[in-house]
Amino acid sequence: MLNTETLHQLRTSCLGTNRTLPAHCYNDERFLDLEQHKVLRQGWICLGRCDEVSDIGDYFTTDLAGEPLLVVRSDETTISVFANVCQHRAMPVARGGGNTHRFVCPYHAWTYHLDGSLKSAPLMEQQAELKDCRLPVIKSECWQGFIFASLNASAKPLADSLHDLDSLTGNYQMHRMHHIATFHEIWECNWKSLIENFMDGYHLSVVHPQSLRPLTPTNLCETLGRGDMFTSYVANYARAAPARKQHASSLTEAQKRQSRLFCLFPSMVASVSPDTLVYFSVQPKGVARVQVKWGVSVWEPDLPDEERNQRIEKWQQINAEDHEILRELQAGLRSSFYHGGVLAPANFEGCISDFHDYLIEMLDSQPA
Ligand code: FES
Ligand SMILES: [Fe+2]
């Protein structure tokens, strides 16, 4: 791990400034180790949308900082997150996703209820020490239709930190939007570059000349607000951009012609427009490799297939453009001739400084 002096230098040179992080933060395995322990294992991580598990028994498996997890709709009102590890000899009890009444471990058939408690253990029914056996519960919360989990048992409740973000995005009513597609991808870049890129209005007109510039050009971007756990900006629509037909009745006239982009620190970003919500949750798998789960939700409950596909394809196009840039950026970040740069004004790259400030505070102040 890096020493405290290095972290102190980071604080001195970057915190509260318009400077980028030094390039070693994007290349150094030791820095990534530190991020895993002090940031990603401490914070709230988005695992998906609540309506990915809408019926009792719906489940999917995932991982968080190397921990196999199981997300399940245990009853009508509860989405549970468990460590996906059998308490017999550590086999993951579930694979992939689907719907079930119970989880049967594929190794020796110990069986767990949807609430994680042990239902049966073949030929071991008499063992008193199995009486309270269960899958370990991982701290979790739902916010605005998203499922979050934290490996930090003493993490502060997420919703308490997001009241300001609620007031900035609440009118879009994300919790009422309908999930239509999920993608699992690997991007070849540092995980922070993907977060920074999503929260960067400065690149929109340059990197997305066809897909975004006519709708949300860089010069119309505006900073929106930040809190301890988030930052956000507005991408205003160009005058010629067509109006979105269907949306929540709570939207103001201005909000009907805006997308609001936010980062929920450390590793989730989203863009909400009147009719479409797109989110990304990222996890590093190496200094230049990121596991990305992204999904699309829409306002309309019965969107025709053609329009549904158009909205998904538009985001696939945007993502392809971003991924190409970020892959090349990683090569530049390895150059010995880059010593950090200056960020554009707050309306365009202010969210990047906010993200860096959060990271530095986490890296430099929490126990490892
Ligand atoms: S490891 Fe699960 S039943 Fe043995
Ligand atoms: Fe982009």
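Structure's up top.
Residues numbered from 1 in each chain as written. Chains lettered and ligands numbered in written order. Predicted model: local features only at pLDDT ≥ 70, side-chain atom pairs only at ≥ 80, totals over all residues. Heavy atoms only, no water.

1. Things to note about the overall build of the protein
- A count of helical and extended segments in the protein gives seven helices and 17 strands.
- Dimensions along the principal axes, computed over C-alpha positions, put the protein at roughly 70 × 55 × 35 Å.
- Sequence-distant contacts in the protein: of pairs separated by 6 or more residues, those separated by 24 or more amount to 64%.
- With the model as given, the accessible surface of the protein reaches about 16800 Å², and the carbon-plus-sulfur share is 50%.
- Taken as two groups, the 33 positive and 44 negative side-chain charges of the protein have centres that lie 1 Å from each other. (Helix = DSSP H or I, 4+ residues; strand = E, 2+ residues; numbered from the N terminus. Contact = heavy atoms within 4.5 Å. Areas by Shrake-Rupley, 256 points an atom, 1.4 Å probe, with all protein chains shown as cover. Lys, Arg positive; Asp, Glu negative; His and termini not counted. Charge placed at Lys NZ, Arg CZ, Asp CG, Glu CD.)

2. Here's the deal with helix α4 (residues 191–198)
- Of all eight residues in α4, eight are buried; the element is thus mostly enclosed.
- All of the buried residues in α4 are Trp-191, Lys-192, Ser-193, Leu-194, Ile-195, Glu-196, Asn-197 and Phe-198.
- Measuring from the side-chain oxygen of the N-cap residue of α4 to the backbone nitrogen of Lys-192 gives 2.9 Å; that N-cap residue is Asn-190. (Buried < 20%, exposed > 50% of the residue type's maximum accessible area, 1.4 Å probe, protein only. Polar contact = N/O pair within 3.5 Å; in protein donor to acceptor, adjacent residues only side chain to side chain.)

3. A short note on the sheet that holds strand β9 (residues 139–143)
- Taken in spatial order, the three strands make up an open sheet running β1-β10-β9, and their pairing is antiparallel. Of all strands in the sheet, those with a lone pairing partner are β1 (45–49) and β9, marking the two edges. Taking the axes of each pair of neighbouring strands and ignoring which way they run, one obtains an average angle of 30 degrees across the sheet.
- Both β1 and strand β10 (residues 146–150) contribute to a ladder of four bridges, which runs antiparallel. Directly across from Ile-45, in β10, lies its bridge partner Ala-149. (Pairing = 2+ DSSP bridges. Axes fitted to C-alpha atoms, helices over the stretch in contact; angles between N-to-C directions.)

4. Here's the deal with the coordination of the iron ion (ligand 2)
- At 2.0 to 2.4 Å from the iron ion (ligand 2) lie its protein donor atoms, namely His-203 (NE2), His-208 (NE2), Asp-322 (OD) and Asp-322 (OD).
- Coordination at the iron ion (ligand 2) is irregular: its four donor atoms span angles of 57 to 149 degrees at the metal.
- Written as a sequence motif, the donor residues of the iron ion (ligand 2) are H-x4-H-x113-D. Within this pair, whereas His-203 is found in the loop between α4 and α5 (204–207), its partner Asp-322 is found in helix α6 (residues 305–333), the two being separated by 119 residues in sequence.
- Residue His-203 is classed as buried on the basis of its relative accessible area of 11%.
- Overall, Asp-322 belongs to the buried group, its relative accessible area being 7%. (Donors = N, O, S within 2.8 Å, 3.2 Å for Na, K, Ca; no water. Tetrahedral: all angles 85-135°; square planar, octahedral: opposite > 155°, others 65-115°.)

5. Quick notes on the nonpolar core
- Judged by nonpolar contacts, the single largest core of 69 residues is most densely connected at Ile-147, Trp-191 and Phe-280.
- Looking at which element gives the most residues to this core, the answer is helix α7 (residues 346–365), with seven residues.
- Not counting chain neighbours up to four residues away, the residues in contact with Phe-280 comprise Trp-187, Leu-194, Phe-198, Ser-267, Met-268, Val-269, Val-292, Lys-293, Trp-294, Trp-315 and Asn-319.
- Phe-146, Ala-155, Tyr-172 and Leu-277 belong to the second largest nonpolar core, which has 25 residues in total. (Core = buried A, V, L, I, M, F, W, Y, C linked by side-chain atoms within 4.5 Å.)

6. Points about the state of the cysteines
- Considering all chains together, one arrives at zero disulfides under this definition.
- Free cysteine Cys-133: the closest other cysteine sulfur is in Cys-86, separated by 7.3 Å.
- Cys-142 takes part in no disulfide bond, and the closest cysteine sulfur to it belongs to Cys-50, at a distance of 3.3 Å.
- Accessibility expressed as a relative area gives 42% for Cys-142, which makes it partly exposed. (Disulfide = S-S within 2.5 Å.)

7. A short note on the packing of helix α2 (residues 29–40) against α7
- It is at 9 Å that the axes of α2 and α7 come closest, and there the two elements cross at 85 degrees. One finds that α2 runs roughly perpendicular with respect to α7. When α2 is examined against α7, the residues Phe-31, Leu-34, Glu-35, Lys-38 and Val-39 are found in contact with a partner set consisting of Tyr-358, Leu-359, Met-362 and Leu-363. (Parallel < 35°, antiparallel > 145°, perpendicular 65-115°, else oblique.)

8. Remarks on the pairing of strand β17 (residues 290–298)
- Counting buried positions over the nine residues of β17 gives eight, a clear majority of the element.
- Judged from the nine bridges that link them, strand β11 (residues 178–187) and β17 form a sheet pairing that is antiparallel. Bridge pairing in β17 links Thr-182 to Gly-295.
- Here strand β16 (residues 276–284) pairs with β17 via nine bridges, running antiparallel. Residue pairing in the sheet places Gln-283 in a bridge with Gln-291 of β17.
- A loop of five residues connects β16 with β17, the two strands running antiparallel in sequence, and Gly-286 in this loop sits at a positive phi of about 145 degrees.

9. A look at the side chain of Gln-144
- Following the sequence through the fold, Gln-144 ends up in the loop between β9 and β10.
- Setting aside chain neighbours within four positions, we find Gln-144 in contact with Arg-49, Asp-166, Gly-170, Gln-173, Met-174 and His-175.

10. Re the pattern of salt bridges
- Here the structure, examined in full by the defined rule, presents 16 salt bridges.
- Between Glu-361 and Arg-11 there is a salt bridge; the shortest N-O distance is 3.0 Å. Linking Glu-361 in helix α7 with Arg-11 in helix α1 (residues 4–14), this pair joins segments that are 350 residues apart in sequence.
- On the basis of relative accessibility, which here comes to 25%, the residue Arg-11 falls in the partly exposed class. (Salt bridge = Lys/Arg side-chain N within 4 Å of Asp/Glu carboxyl O.)

11. A look at the packing of α4 against α6
- In the contact formed by α4 and α6, the axes pass within 10 Å of each other and the chain directions differ by 130 degrees. Judged on the interaxial angle alone, α6 and α4 are oblique. In this structure, the crossing between α4 and α6 has a hand that is right-handed. From α4, Ser-193, Leu-194, Asn-197 and Phe-198 reach across to α6, where they touch Trp-315, Asp-322, Leu-326, Leu-329, Gln-330 and Leu-333.
- When the residues that make up the contact of α4 with α6 are grouped by side-chain class, the tally is six nonpolar, three polar and one charged. (Left-handed = near helix turned anticlockwise from the far one by under 90°. Nonpolar A, V, L, I, M, F, W, Y, C, P; charged D, E, K, R; others polar.)

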